[in-house]
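Residue-level structure breakdown
Chain residues, written in single-letter form:
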Amino acid sequence: MPGASDANTEGSCEALCRTMVSQNGLQRETADISQSVLYTSLMGLLLITDNEEQLTLGSGRVGLRNIGNTCFLNSIVQCLSHTHGLRDYSLCKLYKQEKFSKEDAKLMEAFSQVLSGLWDGNEGDTVTNPRQLYILFKGAVPGFSDYSQQDAQEFLRFLLDKLHTEINRRPYSRRAGKEPEQINSGFRISEEGAAMWKKHLERDDSRIVDLFSGQLRSSLHCSLCSHHSNTFDVFCDLSLPIPKRRSAGEVRLKDCLDLFSQEEKLDKENSPMCERCNRHTECTKQLSIQRFPQVIVIHLNRFTMSRWSISKSTVYVSFPLTNLDLGPYGSVNCGPVLYDLYAICNHTGTVNMGHYTACCLDENGWCLYNDSSVTPVSESQLQTNQAYVLFYRRSNSTSTSTVKK
Ligand SMILES: [Zn+2]
């Protein structure tokens with residue numbers, strides 16, 4: 001970050017935390033355990049400082065320099081930078097208090113530096129350079145830079161995974177490989193799901209998990225003996241197929257979600273073993289959301305890999321800006337579960353010649369982030385056939401709804 005020494009950064013962080021508390025920034029999101037932890041940590045910082053200097057959080061309307069085909073990184077970082085729970089955690093360097101790993105949180109540190117550049121109200125800069133973050137990321141995920149056209153969605157997955165590893169509150173529990181995600185049947189589905197989630201948190205628990213992780217249920221029904229079974233998987237994004245466009249009708253996000261969660265018939269060759277029949281049988285499989293995350297990342301799967309090539313779908317998919325109801329894709333009777341959009345990662349162009357930009361919402365409206373340029377956009381300009389990754393946050397009105405069986 002240009003022009004800011006470490007000492008300055010530390011000082012401004014304390015002031016920043018104070019600003020955030022006083023500006024009700026913390027009441028914006030669901031008051032759950034994590035938020036209260038955050039609040040307590042912030043108060044801790046406030047108590048140890050007698051620095052009266054007040055730092056104003058900048059507008060966040062700062063661009064990111066393109067340092068050579070890095071638009072995929074820039075667009076995703078802007079979306080994450082507008083994820084308040086992650087932004088505040090990074091700017092206040094709360095990971096320093098939480099972290100138990102022996103490893104240095106180098107990537108987290110670099111990420112936090114970029115966010116400081118984007119949100120520091122005292123800096124007059126209109127552009128920040130993400131070079132250090134990019135270099136460390138390439139070091140942490142070798143091979144990623146081998147792709148000729150880096151995929152923003154994959155970058156997001158890798159970045160969140162690496163950040164999580166660095167700031168995991170349970171670094172000592174062995175991260176086992178893929179265990180059979182199943183426990184004794186006989187439990188009610190909600191108990192089964194809760195038990196699996198608890199198991200997950202025993203190994204993996206971080207700010208990233210607090211914000212982005214949810215739980216997907218896959219229910220299988222054997223056509224031969226009618227046996228039901230469930231498996232549970234943690235997800236950090238929903239990757240949705242885009243249905244073929246019906247003649248003139250538009251495709252809505254709801255159509256993608258319906259397709260994603262529709263019952264699927266599996267033949268013997270593709271079905272898992274039925275526990276009761278003890279062999280592969282024809283069965284049906286259906287996906288539903290067992291546990292809703294605070295932030296849901298929805299990936300519109302525009303790229304289709306065939307044997308010889310990758311093709312891109314440019315179908316226009318409409319999506320709601322507010323009150324996206326994911327309740328119908330949750331457990332039976334879970335009621336409405338509402339989300340509001342706050343960031344979009346767009347992909348323009350073709351598979352081989354593409355460009356990523358982001359649209360993000362702040363207190364004063366939406367802006368288009370195109371590498372170093374930042375320009376306000378109206379809501380009517382947000383819905384295009386270039387929308388690729390959508391970031392929704394759960395709205396307060398539904399934060400108390402519970403998941404029932
Ligand atoms: Zn069976």
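Cut-offs used in this document
- Residues numbered from 1 in each chain as written.
- Predicted model: local features only at pLDDT ≥ 70, side-chain atom pairs only at ≥ 80, totals over all residues.
- Heavy atoms only, no water.
- Core = buried A, V, L, I, M, F, W, Y, C linked by side-chain atoms within 4.5 Å.
- Buried < 20%, exposed > 50% of the residue type's maximum accessible area, 1.4 Å probe, protein only.
- Contact = heavy atoms within 4.5 Å.
- Donors = N, O, S within 2.8 Å, 3.2 Å for Na, K, Ca; no water.
- Tetrahedral: all angles 85-135°; square planar, octahedral: opposite > 155°, others 65-115°.
- Helix = DSSP H or I, 4+ residues; strand = E, 2+ residues; numbered from the N terminus.
- Pairing = 2+ DSSP bridges.
- Salt bridge = Lys/Arg side-chain N within 4 Å of Asp/Glu carboxyl O.
- Polar contact = N/O pair within 3.5 Å; in protein donor to acceptor, adjacent residues only side chain to side chain.
- Phe/Tyr/Trp six-rings, centres within 6.5 Å; stacked < 30°, edge-to-face > 60°.
- Lys NZ or Arg CZ within 6 Å of the ring centre and 35° of its normal.
- Axes fitted to C-alpha atoms, helices over the stretch in contact; angles between N-to-C directions.

On to the nonpolar core. Membership of the largest hydrophobic core comes to 56 residues, with the highest contact counts inside it found for Leu 80, Phe 111, Phe 212 and Phe 391. Every residue in contact with Leu 80, bar those within four places of it in the chain, is listed here: Leu 86, Phe 111, Leu 156, Leu 159, Leu 160, Phe 212 and Phe 391. Residues Leu 238, Val 251, Cys 256 and Tyr 329 belong to the second largest nonpolar core, which totals 34 residues.

Turning our eyes to something else, we now look at the coordination of the zinc ion. In this structure, Cys 222 (SG), Cys 225 (SG), Cys 274 (SG) and Cys 277 (SG) serve as the protein donors to the zinc ion, at separations of 2.3 Å. Coordination at the zinc ion is tetrahedral: its 4 donor atoms span angles of 101 to 114° at the metal. Mapping the donors of the zinc ion onto the primary sequence gives the spacing C-x2-C-x48-C-x2-C. With Cys 222 in strand S3 (residues 214–222) and Cys 277 in the loop between strand S7 (264–266) and strand S8 (283–291), this residue pair connects regions lying 55 residues apart in the sequence. The buried category is assigned to Cys 222, whose relative accessible area is 3%.

A few words on the environment of Phe 72. Inspection of the secondary structure puts Phe 72 in helix H3 (residues 71–81). Assessed through its relative accessible area of 1%, Phe 72 is described here as buried. For the pair Phe 72 and Asp 151, spaced 79 residues apart in the sequence, the C-alpha separation amounts to 6.6 Å.

Turning to the pairing of strand S15 (residues 354–362), a few remarks are in order. The side chains of a regular strand alternate between the sheet's two faces. As paired strands, strand S14 (residues 338–349) and S15 are joined by 7 bridges and run antiparallel to one another. Its bridge partner lying in S15, Thr 348 is registered against His 355. Linkage of S14 to S15, two consecutive antiparallel strands, is achieved through a turn of 4 residues. The pairing of S15 with strand S16 (residues 365–370) spans 5 bridges and is antiparallel. Residue pairing in the sheet places Cys 359 in a bridge with Leu 368 of S16. Here S15 folds back onto S16, and the loop between the two strands holds 2 residues.

Now for the side chain of Ser 90. As for its position among the elements, Ser 90 is in helix H4 (residues 84–91). The class for Ser 90 is buried, based on a relative accessible area of 0%. In contact with Ser 90, not counting residues within four places along its chain, are Tyr 95, Met 108, Phe 111, Ser 112 and Leu 115.

A few words on the pattern of salt bridges. One pass over the structure, following the stated rule, counts 13 salt bridges. Lys 198 is the salt-bridge partner of Glu 202, the closest N and O atoms lying 3.7 Å from each other. Note that Glu 202 and Lys 198 are positioned in helix H9 (residues 189–203) at a spacing of 4 residues, about one turn of the helix. By relative accessible area, which is 43% here, Glu 202 ends up partly exposed.

Tracing the backbone shows Ser 313 in the loop between strand S11 (310–312) and strand S12 (317–318). Here the side chain of Ser 313 touches Val 315 through a polar contact of 3.3 Å, landing on its backbone nitrogen. Not counting chain neighbours up to four residues away, the residues in contact with Ser 313 comprise Ile 242 and Arg 302.

Another aspect to go through is the packing of aromatic side chains. According to the stated counting rule, one finds 7 aromatic pairs in the structure shown. Taking 6.2 Å as the distance between ring centres and 50° as the angle between the ring planes, the aromatic pair formed by Tyr 89 and Tyr 95 counts as tilted. Tyr 89 sits in the buried class, given a relative accessible area of 1%. We classify Tyr 95 as buried; its relative accessible area is 1%. Ring pairs connect the aromatic residues Phe 72, Tyr 134, Phe 137 and Phe 155, which therefore count as one cluster. Sitting over the face of the ring of Trp 119, Arg 87 holds its NZ or CZ atom 4.4 Å from the ring centroid.

Before going further, it helps to spend a moment on unusual backbone geometry. The backbone of Asn 69 shows a phi angle near 55°, a positive value even though the residue is not glycine. Along the chain, Asn 69 turns up in the loop between strand S1 (63–64) and H3. Accessibility expressed as a relative area gives 60% for Asn 69, which makes it exposed.

Strands sit in the order S4-S3-S8-S7 across an open sheet of 4 strands; the sheet is antiparallel. With one partner strand each, in any of the chains shown, strand S4 (228–235) and S7 form the two edges of the open sheet. Taking each pair of neighbouring strands and ignoring which way they run, the sheet shows an average axis angle of 30°. As paired elements, S3 and S8 share 8 bridges and run antiparallel to each other. Residue Gln 215 lies in a different strand from S8, and its bridge partner there is Arg 291.

Any functional reading would require information that these geometric values do not contain.
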